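Residue-level structural notes
Chain by chain, the residues:
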Amino acid sequence: MTQQVSGSPFFKPFFLKTPVSLLRQRRHTLPASEFRNLTPQDAISVFEIEREAFVSVSGECPLTLDEVLNFLGQCPELSLGWFEEGQLVAFIIGSGWGKERLSQEAMTQHVPDSPAVHIHVLSVHRHCRQQGKGSILLWRFLQYLRCIPGLRRALLICEEYLVPFYQKAGFKEKGPSAISISNMQFQEMEYTIGGQAYTRRNSGC
């Protein structure tokens, strides 16, 4: 469809943008890379990445779909997703915890206004692994936590082979965890949150 501007011989016809061109423009304006808190609307994408990453290794997901929905509904501020061109490529989900050590109850509970965050899961899409995305996302999440008043610690459990990965990010071992899943044994790790977050674009602070 065209529209001509009349009234002067110096005006030339111009074309209105078609829906196709608008769609193309919209596609090109998607941010190449974006970090944001997750919402319940992201739960399916989260669970698909988590299921592919964990079921083939341990036979179980750290969080069921219902638990993902529960945590993203109760404490979305304790999550972080990495999106590339609108697609989720990596994520972290956490919840509040008020005790010194993690217990079995910490796997399904969120304690509001608590001084610690329990990191339930960090997962990267299979097509984006071996690119350092897990380390980058974890760094950004820990910096983001510094912006949340009252948070003092981040806690998680992991298998022994992952201890060096978390140590590089600043976590320290607290010893064997009291939590067991399918007869798997874990180490508990702790990160002390303090100081100011580094000033970075899109830091969220």
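Reference entry: report on the structure contained in this document. Residue positions within a chain follow its written sequence, with the count starting from 1. In keeping with the predicted nature of the model, local features appear solely for residues at pLDDT of at least 70, side-chain atom pairs appear and are counted solely at 80 or more, and the whole-chain, interface and lining totals rest on all residues. Only hydrogens and water are removed before side-chain values are computed, so all heavy atoms of the structure are retained for them.

So, on to the nonpolar core. We define a nonpolar core as any set of buried Ala, Val, Leu, Ile, Met, Phe, Trp, Tyr and Cys residues linked to one another through side-chain atoms lying within 4.5 Å. Only protein chains enter the accessibility calculation, which uses a 1.4 Å probe; a residue is then buried when its area is under 20% of its type maximum, exposed when over 50%, and partly exposed in between. Ile93, Leu145, Ala154 and Phe171 are the most contacted members of the largest nonpolar core, which has 43 residues in total. Dropping the residues within four chain positions of it, Phe171 is found in contact with Ile119, Leu138, Leu142, Ala154, Leu156, Tyr166, Met189, Glu190 and Tyr191. Residue contacts are counted whenever heavy atoms from the two residues lie within 4.5 Å of one another.

Our focus in this paragraph is helix 4 (residues 133-145). Starting at the N terminus, helices and strands are each numbered in turn, a helix being any DSSP run of H or I of at least four residues and a strand any DSSP run of E of at least two. In a helix, the anticipated span is given by 1.5 Å times the number of residues less one. Between its first and last C-alpha atoms helix 4 spans 18 Å; for 13 residues at 1.5 Å apiece the expected length is 18 Å, and the two agree. For helix 4, the buried fraction is high: 10 of the 13 residues fall into the buried class. Of the residues making up helix 4, those classed as buried are Lys133, Gly134, Leu137, Leu138, Arg140, Phe141, Leu142, Gln143, Tyr144 and Leu145.

The subject of this paragraph is the layout of surface pockets. Detection works on a 1 Å grid of protein atoms alone, calling trapped sets that fit a 1.4 Å probe cavities and calling open sets with protein on both sides within 12 Å along at least five of seven lines pockets, with lining residues defined by an atom within 4 Å of a point. Grid points are joined across faces, edges and corners, and a volume is the space filled by probe spheres set on the points. Approximately 1100 Å³ is the volume found for the largest pocket. Every residue lining the largest pocket is counted, 40 residues in all, and those nearest its centre are Phe54, Leu122, Tyr161, Leu162 and Tyr166. Mapped onto the lining of the largest pocket, the elements with two or more residues apiece are helix 2 (43-58), strand 6 (116-124), helix 4, strand 7 (153-158) and helix 5 (163-168). Partitioned by chemical class, the residues of the lining of the largest pocket number 22 nonpolar, 12 polar and six charged. Three classes are used: nonpolar for Ala, Val, Leu, Ile, Met, Phe, Trp, Tyr, Cys and Pro, charged for Asp, Glu, Lys and Arg, and polar for all others, with Gly counted as polar.

Before going further, it helps to spend a moment on the pairing of strand 4 (residues 79-84). Of all six residues that make up strand 4, five are buried, and the element is covered over most of its length. Paired strands, as defined in this entry, are two strands with at least two bridges between them according to DSSP. Pairing of strand 3 (residues 34-36) with strand 4 involves three bridges; the strand directions are antiparallel. What sits directly across from Glu34, in strand 4, is Phe83. Connecting strand 4 to the next strand, strand 5 (residues 87-97), in antiparallel fashion are two residues, including Glu85 with a positive phi near 50°.

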